[in-house]
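Residue-level listing of the chains:
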Amino acid sequence: MKLILSSNSPRRKELLAGLDVPFEVRVIDGIDESFPADLPTDEIAEFVARKKAAAYTVCEGEIVITADTIVVLDGKVLGKPHDLDDAAAMLRQLSGKTHRVITGVCIKNSVKQKSFSVVSEVTFKSLSDDEISYYVNRYKPLDKAGAYGVQEWIGYIGVTSLSGSYYNVMGLPVQRIYEVLKCEFGIKA
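What you are looking at is a predicted structure, and each value in this text was computed from that prediction instead of being measured.

J.: What's the story with the packing of aromatic side chains in this structure? I'm lost.
T.: Note on aromatic pairs: each is described by the distance of the centres and the angle between the planes. If you walk through the whole model with that rule in mind, you get four aromatic pairs. Aromatic pair Tyr135 and Tyr139: ring centres 5.2 Å apart, planes at 20°, arrangement stacked. Sitting over the face of the ring of Phe185, Lys112 holds its NZ or CZ atom 5.1 Å from the ring centroid. The side chain of Arg176 reaches across the aromatic face of Phe116, ending 4.4 Å from its centre.

J.: What am I meant to see in the pattern of salt bridges here?
T.: Any two side chains of opposite charge can pair, so long as their charged atoms come close to each other. By the definition in use, this model includes 15 salt bridges. Note that Glu62 and Arg26 form a salt bridge whose closest N and O atoms lie 3.1 Å from each other. Of this pair, Glu62 sits in strand E3 (residues 62-73) while Arg26 sits in the loop between strand E2 (23-25) and helix H2 (41-54), placing them 36 residues apart in sequence. On the accessibility criterion, Arg26 (28% relative accessible area) is partly exposed. Note that Lys52 and Asp68 form a salt bridge whose closest N and O atoms lie 3.5 Å from each other. With Lys52 in helix H2 and Asp68 in strand E3, this residue pair connects regions lying 16 residues apart in the sequence.

J.: Would you explain the environment of Ser115 in this entry?
T.: Tracing the sequence through the fold places Ser115 in strand E6 (residues 113-124). Along the primary structure Ser115 and Val180 are separated by 65 residues, whereas in three dimensions their C-alpha atoms are 9.3 Å apart. Excluding anything up to four places from it in sequence, Ser115 contacts Glu46, Arg50, Val105 and Cys106. Among the polar contacts made by the side chain of Ser115, one reaches the side chain of Glu46 at a distance of 2.8 Å.

J.: Before we go on, may I ask you to explain the pairing of strand E1 (residues 2-5) in this structure?
T.: Across four bridges, the pairing between E1 and E3 is parallel. The residue of E3 that forms the bridge with Leu3 is Ile63. Across three bridges, E1 lies against E2 in parallel orientation. By the bridge assignment for E2, Ile4 is matched with Glu24. Since E1 and E2 lie parallel, the crossover through helix H1 (residues 10-17) that links them has a hand, and here it is right-handed.

So, how was this worked out
- Residues numbered from 1 in each chain as written.
- Predicted model: local features only at pLDDT ≥ 70, side-chain atom pairs only at ≥ 80, totals over all residues.
- Heavy atoms only, no water.
- Phe/Tyr/Trp six-rings, centres within 6.5 Å; stacked < 30°, edge-to-face > 60°.
- Lys NZ or Arg CZ within 6 Å of the ring centre and 35° of its normal.
- Salt bridge = Lys/Arg side-chain N within 4 Å of Asp/Glu carboxyl O.
- Helix = DSSP H or I, 4+ residues; strand = E, 2+ residues; numbered from the N terminus.
- Buried < 20%, exposed > 50% of the residue type's maximum accessible area, 1.4 Å probe, protein only.
- Contact = heavy atoms within 4.5 Å.
- Polar contact = N/O pair within 3.5 Å; in protein donor to acceptor, adjacent residues only side chain to side chain.
- Pairing = 2+ DSSP bridges.
- Right-handed = clockwise from strand over helix to strand, strands pointing away.

Structure below.
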C-alpha cells in the first residue's frame, strides 16, 4: 500500500513520519475549504477534511489522508490569521481562556473511506501584549489555526493545561490515525 499525505504542513509531515510508516506527500492546490454557515462547529473540520479527500482520485493500492484543524473559542471558529495584526488579535482573544482544537481527518482508499474528528482543550494564561508581540513577530503564526503553534515559544510560556491529544493540537491526531490505518486499512509500522 502507498500512503499519501495531502498536506504541505511541516508539522503534519513530521507527525506522520513519527508513525514509521512510509508515505509521500501529494497536494492538490486550490481545493475549496468552505463549509455551510449553519454547520455546527464540531462538524466543520471533518466536513472540510472529507471535502479535501473528495478532490483525490485514489488508485488501487493507495491510501490518502486529508486533515483540517480549527480552533473554537466561545462557539466562534478562529481560522488562520490574515496578517500579523489579525494574529495578535486572535491571541488576545485566547489569552486567559480555554478553547477547543478540533482536527477532522479523512482516510480513504479506492474502496472505502473513514472520517473522524478529535477534540482537545487548551488553556492559556493571560498573555501580555509584549508576549503576543514577541511571538507574532518572531514566529510564523499566519499558517496556523488560532494563530499559534503549541510546539513553539507561545506554547512553552503560555499553555497552562491541555486535555486530550497534544499532537491533535499540533494538527494531526496520529494515535487515532494509526488505529484507523491498522484496524480499517491493514497498515502497520
